[in-house]
Every structure is written in structure tokens, then in C-alpha cells.
Amino acid sequence: MRRSLSYGSSSRYSRSFDLPEDCDDRREVCGGAMLPVFLSDLGRNVDRGEEMVEVTIELDERSVVLRSVVPAAPDERASADRGRADQDEDGGDGYLRRSSSSASRLRRMFTWRRSASARSYSPDAEGQRMTPPEVSVREMMKLKAKLDRNKSSARRALGGLRFISRNTVDGGKSDPKLLWKQVEARFERLAKDGLLSRQDFGECIGMGDSKEFAVGVFDALARRRRQNIGRITKEELHEFWLQISDHSFDARLQIFFDMADSNGDGKITRDEVQELMMLSVSANKLSNLKERAEEYASLIMEELDPENLGYIELWQLETLLLRRYSYMDYSRPLSTTSVAWGQNLSKFNPRKVASKGWIALKRLLLDNWQRNWILCVWVLSMAGLFTWKFLNYRHKPAFQVMGYCLTTAKGAAETLKLNMALVLLPVCRNILTWLRSTSARLFIPFDDNINFHKVIAAAIAIGIIIHAGSHLTCDLPRLARASPEKFSAIASDFAHGVQPTYGQLLAGTVGTTGIVMVLLIMISFTLATSSFRKRGVKLPTPFNRMTGFNAFWYSHHLLGLVYILLLVHGTSLFLVHQWHEKTTWMYISIPLLLYIAERSLRNRRSEHYAVKILKVSVLPGGVFSLVMAKPNGFKYISGQYIFLQCPTISPFEWHPFSLTSAPGDNYLSVHIRTVGDWTQELKRVFTEDNSSATVYGRANFGAQGQVHQNGLPKLLADGPYGAPAQEYQNYDILLLVGLGIGATPFISILKDLLDSTRLEDHVDSNTETSRSDDSSNSIASSCEPSGKKKSQHTRSAHFYWVTREPDSFEWFKGVMNEVADMDQKGQIEMHNYLTSVYEEGDARSTLITMVQALNHAKHGVDILSGTKVRTHFARPNWKEVFQKVAAKHPRSTVGVFYCGMPILAKELKKLSHEVTRKTSTRFEFHKEYF
């Protein structure tokens, strides 16, 4: 529905406009860029007395449509200027001709429209009212394209379409001379007899990974020269280079058009569009799109060739390029950042060096205060124990024999006892999971439990070097070489008062247990390093079995023997005889008992949680999913994980996997990527066994059918265990970032958020319908069966999933469509990023971007993921992502949860601190590695 507004510059001139209801009266807001200029010009014509007409046009954000042109009434004209009417020799006919001339000019200026129907230009019965003439749809589109090109929304599109990638040439630098020198150097290397072949053109210009597309560029440039050549000289290469590196958008667009226009007739047919689509698909390694290339070519022709002439021209291709952003404004991230970001900035001035230093110190102290106080207490404890033991032995007779070597070794031994006790606590997962639900989470950084475990292990390694090194190289040799007079002071500490030799000291109980412990710890710590655990070290057969997760898993259990030897070692000291002075057992007894109880609980619970397999789905990208019946009494929070064990593979190995099902589901599901020996064997056992019921294809999270269990291997589950992602309920807004398979914990969170929203809607509906009932009944209707109303603290979530393989979208396709269908309130924003496709603006991905935008606008389905969630290309601009969230949610607390490789965690953590300082939005970062 529209309302009409009239504008007039004088009593003899009026203009009538149909405007949208939500449009204000400011012409610069409601109309296009041409409207103010046109109105001003028309007003001047009226003042000169040329002619008067009444114009009705329809405005929206993207178009100006002429609805009617009506000559002004003669009496109005006369009242405006009677003298001029009397002098008019033509009378009414001359006026009508002038009015018709004005209408013709107006019609030529504003003939675009939104429908394909044409109108005829003919006077009505009285010869007074004019309507626009018949104009082809193609002409209307061409006029509309001219207006689109002048819009600010076209700036980004006009800046794209690059043939020279910013990421592959010169590390992103754009110095033309330096870039050409690199191309010239590659020419000298690739050319034969001074000529560069057509097949080597791609590698020469920096398109070595998409040579087929580069050949298409080569052929297009050769056709411009009206040549059919297969080899070029350096001068010709330089000419080609100048054309593809031209800063003019029109020049680059012409090259792109010429690539499709294989016969050079200035027109692109459906088959030529399809061929260019195949080139783009091959360059981006999107083999799954090849089968639908013909369909996408038809989609483009349908959009750009409404008259079905069978071809499109250059300006039509430009139109699609300009409109690809407007097709999907709602799904583009960062579209409103520039304005709102400035409004949310604080008055912080980063130019002052002193302020920068203070901010950095404040950030170090406040943002890491939990870690800092834990580390301070730990370091002070070690320093205190070392000093106490050092001074204790400084005043003993043995110091006169072995000197400071003995005090140093004993001080280091005391820190070793503490650390051997503490290193067990961060891996007591059941205890940590329980503590996460208490107020202890406010001052203990449970997310860093594994990091703290590694830090303590490093301190143990340092302590062993100091302790064992001092004994083996310093105090024991001095004891063996001590004179009888000095030895007599400590002779009572040795059997029969006989001075031992160096060999006897090493062969004794203390020496033997110490050496064996050092060797076992060396093996365990070495195989636990990232290089060995992730097979970064290549060893020949059969030593290659010492790398990988299995080697890490089994070698780590050697530490159980180390604790037994440590107790023996601590009770056999030859300089200490009183039981209360042998303190080793005092340090490790309680942590060791807690750890034993932990493992016993896990083993007992795993037998109770022998899960029943409902479905096994084999997914692309080396991933498979297991859907299991939820054991009785099994309760968990989204973001937590479980351990799985398959006794058929190994009765000892347990492996952690994040749950992708929501707490409200009646099943448990995990997605497993086959990256190690155990996961590969698990996949084989459940998918290649003829007795197992296997589903190949996409995982469907609807109703699960029962599977015959005879012959299926037994699968044990242990958990749930706490993880950083489970803290999501403590935040108003969520920013969830998953890399590859790292998206698994967030799938559960997304489903849980929507389940909670649906439950609250149901509760609100019941409350509304029962207002007239008794208050007690109303309260009961708004409660869960347990009697506690489930409250959802989180208001909205932004989910960013970054993956390299397009097949990865099949992993959670059903879940993402389910989330999109259920999310009626716009509570969740989902953004998929595919890093294997060239960034938007690169010529190799331009056509795919066009088709993607067009298909999503028409059918609401992304061509890459097959879901309602749009896929973006390349990596996200994380700074702009944070700015967007801050602009959209001022004065809110945003929980940033990341699961993926450690390299991105540093950037996200830094941005969390930076944007928190500069805006009223607070970002708190949590990471979880896999």
C-alpha cells in the first residue's frame, strides 16, 4: 500500500508521487540519485514557462517507475499565467504538444519497471492523458543497470573481479613493478627458445594451481588480437599482463566476458556460460557442482535474458555482478558495521605510549587474574619448599662431605614431590566436572587444566635434571671419594658404617629406582610431545609404532609404575631414618587415591553405560557419526564430551568425543573423524562388518529406527565430562567459532538453544491460555515436570564454521536445516566459510559467487552446502566479525567459544581483549583444542 505526495514549485506546477509507507519525506532518502536533479531541472523549465505537466512516479530503494504523465488543467495554467496563455498562438493544441513533449522526455528518463509487462503509448479518448510507450524488457533492464552502477552498494563489486590474487603473488603486496619482475623471472624459467607456451601461462602469472582457468584467460586475450596462438614472447606476455592487471573494472569485466564469448560475437549463449562455469568449478576444485553446471547456466540466462533471446551481453553480466550483494543483504556479515561500530567506540586514545603500557599491564593482570594467582601460589610454594629443604640440609653433617650439591639436589627433590602430586589433579575429570558447577569456577581456570598439566610436567622435567644431575655428577662422586675423616661424620647413615663406592650407590635401591624412574619419565614425556603424538616425526619400521596417539596413550600409563617406584625411592633414603622425615608418601598419597578413585569410577560407570547403537552414518571427508540410545540416568550439558571404548579394538584405550546431540534429545550422537589408528579401526568395525547395520550418506537427526544388535561390537561410554563450551549459559550473547570437526560441541549448543526457545514459547502459550484459571494451575503449567522452570539466559548466538573441504557441510546438513527451520525469532546467525574457494572478488570464483547469490535469492538454498545457510568464501575477517557483534549487542557480555587448531586461538583472544577495551561490549574468550 502506498501514499501519494505532491510537490510544486509554483501555483502553476504540481507533481504527484506514490511513495512507500515507510519512506520519509526527504527526497534524498526516498529517491534515487537522479531524482533531486530531475526535479530541480523540471522546476526551472516551469519557471521559464515552457510547459506544465503532472507526473506520478513510484519510488523504492532500488528503482523509480513512471506511473502517469498528465498535462496540467488549462484553468490552472491560466490562473498561473493568463498573459502568457493569451499570447500563445498555438492555443490548447500547442500546449498539448508541449505537454506531450515533456511526457516523452519523462518517459525516456523513467521507463524502468519491476514487471515484464509492457504499456502502450497512446492518448485516451479525450486526447489528454498520456501513458508510456511500449519498451522492451531488455531496454528497461539496461536503464536500470545504469542506475545500479551509480549506487554506493556497487562500490564493492566494482572493486572486485581480480585476475591477480592478493594472496598468491608477492605475499599480498601490489607494487606493479615488483609483480612484473616476478612474472618476468618465471618467464625466464619456463620459456623455451624465448617463447612461453599456452599451458605454462598460468604458472607464469601466478595461477599455477588453476592452469585450466588461466588457459581460458590466455585464449580470451589472444582472441582480442585476432590470433590463434599457442606460444607468446615476453613482449606479448607483458601486453597480456597489463590487461589482466588493469585497475579499471570495465577492462577486467571485458576480459571476463571475452573468456565466455568463445566466438567473439559480443554475445554469450547458455552453452558458453556453462563452459565458463565449468572452468570456475575446476579452478576451485568443486567437483560436486560440475553435475549442475547446466542448471546454473540456465538460472543465469533466466535472470538476465527474460525475453528468451538466447544470449546475454556485457552490460547484463555487469548487472548480475552488481546485484549479487543486494540479493543477499540479510545474510551478508558486517553489512552495518561501519556506522554502528563508530557509535560504540569509547574515548580511549591509543596514541599515548604511557597509556598503551598501562592498558597492556591492566590486560595482563585483569584478563588473566585466574591463571596468575594459581601460577603465583604454585611458584611460591616451590620456592618455599626448595628454600626450606636447602637450608635444612645446609646445617646437616652431610653438607661437610657433599657440599651445595647435596642441598641443591634435596631442594629440587622437594619440588618434585609437590609436582608429582599436583600433576594428577588436572586429569581427574570427574572432580573437575563437578567443580565446574560450583562457585569454584569463578576463581579457578578449569579451561586450562591440560595446559597446567603440561606446565607441571615441564617443571618435573626441570626438577629431574637438577636432582638427578646433582646426584650423579656431583654429590655421589664426592661421597665416594671423601676422606675417612669426613666420612666418619655420616658413617652411621650407611650399613655397617662402610663407605660405599660410586657403583654401589648406583646399584642400591635408591640409585636403581631413581634411574628407572628417570628412564620411564623420559619415554613417557617424549612420546607425549606434539611431534610424536601427531606423527610429526617419521621413523623407520618398526620404530614408527613409537609415534601416534596409541604410543602416547600406552606410554603415559607407564607413569603408574613411576609412582610405585617413587614410594620405594622415598622410603629408602640413606641420610633419613625417621618415618616422619620421609615425606614422599605425604605429598602423593591423597592425589594418588583421588586419581585411583577417579579411574575406578570411570571403569564401573562405563560398564553401566554400554550403549546401544541406533545408527552409523558414513559421511564425506573421512567422518562418520554414531547415534546411540541414551543410557538411563545419563544427563549432560551441551558442550560436554564423553569417552568411548571399543573392547573389540582395545580393552584399555578411551578416546574423547564432543556430543553433537542436545540434552533434550532421546539419543546420544557423536561425529568422529578418522585421523588415527583407533578411529580408523572403529570405523572399520562398525561399517565394514556385514553384521552391522550401516547407513551410508548424510546423517539424519530425525526419528531413529531400531537396529538389529546381533554381532555388533560392544561400545562403552564414559562421561559426561566438563568442557569450556558448557559455560555458554552464563552469557547474554554467544560467538561460536569452529574449525572443521571443531564445530561438534557447538552443534549441540545450537540445538539446545532452540529447544529452550521452543519450550519457553510453549510455556508462554500455556500461561496465556490459562490466565483465567486458578493461579496455582497457571504456575504449574509454566513449570517443567521437575517443578523448576527452565530459564534461558542466552539471547542469541553467532555461529561461524570454517572448513576447507566442501564435503564437510554434509556432516551437519540435517542439523543446520533443522536449526534454520526451527529458528523463527532470528535467534541464531549461522555463517559457513569455505577456505578452499578463492576469496570473493577473485575472477576464478566470481561466477560461482554470482550463481550462489542468485540461487539463494530465488530458492533459499546454498549451492555449496545444500542448506539454508549461505557459504562465504576464503577466511573470515575476524576483526570485522567482532566489530559487527559489538555493534549489534552494545553493553552485553559475549562469550567467545573456539574449538580448533591453536593458531587461530591467539588471534581470537587478542581481538576479544581489544574490542572489549574499545566498546561497551565485553568479550570473554574460551578455547578448546581437539
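Attention now goes to the confidence of the model for the protein. Considering every residue of the protein, the mean pLDDT works out to 75; 70% of them sit at 70 or more. Between the elements of the protein, mean pLDDT differs from a low of 31, seen in helix α32 (residues 775-781), to a high of 93, seen in helix α20 (residues 404-422). A low-confidence stretch, residues 330-349 stays under pLDDT 50, and its non-local contacts, those more than four residues away or across chains, total 39 contacts. Counting contacts from residues 769-791, a segment whose pLDDT is below 50, to residues more than four positions away or on other chains yields 16 contacts.

Let us look at the sheet that holds strand β14 (residues 733-739). As summarised here, the arrangement of the six strands in space is β17-β16-β15-β14-β18-β19, forming an open sheet in which the pairing is parallel. The open sheet has two edge strands, β17 (871-873) and β19 (922-928), and neither has a second partner. Going across the sheet, the axis of each strand differs from the next one's by a mean of 20°, ignoring polarity. One ladder, built from three bridges, connects strand β16 (residues 828-834) with β17; its direction is parallel. The residue of β17 that forms the bridge with tyrosine 833 is histidine 872.

Bringing the packing of helix α8 (residues 176-190) against helix α11 (residues 234-244) into the picture now. In contact at an axis separation of 11 Å, α8 and α11 are set at 145° when each is read in the N-to-C sense. Regarding α8 and α11, the two cross each other, and that crossing is right-handed. For the pair formed by α8 and α11, the contact residues are Leu179, Trp180, Val183, Glu184, Phe187 and Glu188 on the first element and Lys234, Leu237, His238 and Trp241 on the second. For the contact of α8 with α11, the class distribution of residues is six nonpolar, one polar and three charged.

Interaxial distance between helix α14 (residues 293-304) and helix α34 (residues 843-859) falls to 10 Å at its minimum, and their mutual angle equals 70°. Considering their axes alone, α14 and α34 lie roughly perpendicular with respect to each other. Counting all contacts with α14, which are made through Tyr296, Leu299, Ile300 and Glu303, the residues of α34 involved are Leu847, Val851, Leu854, Asn855, Lys858 and His859. Residue classes in the contact of α14 with α34 are distributed as six nonpolar, two polar and two charged.

This part takes up the pairing of strand β13 (residues 716-721). Within β13, six of the six residues are buried, which leaves it mostly tucked inside the rest of the structure. As paired strands, strand β9 (residues 641-645) and β13 are joined by four bridges and run antiparallel to one another. Bridging from a neighbouring strand, glutamine 645 pairs with leucine 716 of β13.

The subject of this paragraph is the sheet that holds β9. The sheet built from three strands is open, its strands ordered β10-β9-β13 with antiparallel pairing. On the outer flanks of this sheet lie β10 (655-658) and β13, each paired with one strand and no other. Here the average twist between neighbouring strands, direction ignored, is 30°.

Under the defined criterion, the tally for this structure stands at five cavities of 30 Å³ or more. Counted as a void, the second largest cavity has a volume near 50 Å³. Lining the second largest cavity are Phe256, Ala260, Ile268, Val273, Leu276, Ile300, Ile312, Leu317 and Leu847. For the lining of the second largest cavity, the elements supplying multiple residues, two or more each, are α12 (249-260) and α13 (270-283). The class makeup of the residues in the lining of the second largest cavity is nine nonpolar, no polar and no charged.

Parameters at a glance
Residues numbered from 1 in each chain as written. Predicted model: local features only at pLDDT ≥ 70, side-chain atom pairs only at ≥ 80, totals over all residues. Heavy atoms only, no water. pLDDT = per-residue confidence, 0-100. Helix = DSSP H or I, 4+ residues; strand = E, 2+ residues; numbered from the N terminus. Contact = heavy atoms within 4.5 Å. Pairing = 2+ DSSP bridges. Axes fitted to C-alpha atoms, helices over the stretch in contact; angles between N-to-C directions. Left-handed = near helix turned anticlockwise from the far one by under 90°. Nonpolar A, V, L, I, M, F, W, Y, C, P; charged D, E, K, R; others polar. Parallel < 35°, antiparallel > 145°, perpendicular 65-115°, else oblique. Buried < 20%, exposed > 50% of the residue type's maximum accessible area, 1.4 Å probe, protein only. 1 Å grid on protein atoms, 1.4 Å probe; cavity = no way out; pocket = protein on both sides within 12 Å on 5 of 7 lines; lining within 4 Å. Points joined across faces, edges and corners; volume = space filled by probe spheres on them.

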